[in-house]
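The primary structure of each chain is shown beneath.
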Amino acid sequence: MSPSLPQIIIVVVLLILLFGRGKISALMGDVAQGIKSFKKGIADEEPQVAEEKPQVSQQKAETVSEEKNESSEKSD
C-alpha cells in the first residue's frame, strides 16, 4: 500500500503549515551542506589510501628479498 497523490499533498501541506517555509528551506540547506562536506571528506581520504599501497608493496618486496637471502644462505 503506497501513499496516493492526495495523501502526499496533504502531508506536504501539513508540514508547511507546521514548520513554515523558512524552517524547511533552512533544514534542506543544512542537509545539502552535510552531504557536500561528507563527499569532500571521502574525496580527501582517497589519496591517502593510494599513498599507503606502495608502502605495503615495498614491505612485501623487502620480505620476499629477505626470504630469498635466507633460503640462499641455508642452501650454501
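Above: the structure in question.
Residues numbered from 1 in each chain as written. Predicted model: local features only at pLDDT ≥ 70, side-chain atom pairs only at ≥ 80, totals over all residues. Heavy atoms only, no water.

Q: Residue-level account of the overall build of the protein chain, with values.
A: Helix and strand counts for the protein chain come out as 1 helix and 0 strands. Accessible surface, the protein chain: about 7200 Å² in total, of which carbon and sulfur atoms supply 62%. (Helix = DSSP H or I, 4+ residues; strand = E, 2+ residues; numbered from the N terminus. Areas by Shrake-Rupley, 256 points an atom, 1.4 Å probe, with all protein chains shown as cover.)

Q: Outline a nonpolar patch on the surface, listing residues and values.
A: A cluster of nonpolar side chains, namely L5, I9, I10, V13, L14 and L17, defines an oily patch on the protein surface of about 610 Å² accessible area. Mapping L17 onto the fold places it in helix α1 (residues 5-75). (Patch = residues over 30% accessible without salt bridge, like charges linked within 9 Å, V, L, I, M, F, W, Y side chains within 5 Å. Salt bridge = Lys/Arg side-chain N within 4 Å of Asp/Glu carboxyl O.)

Q: Go over the environment of I24 with me, naming the residues and quoting the values.
A: Mapped onto the elements, I24 comes out in helix α1. With residues up to four places along the chain from it excluded, the contact list for I24 reads L15, I16 and F19. (Contact = heavy atoms within 4.5 Å.)

Fair warning: the whole summary comes from geometry, so function is off the table for now.
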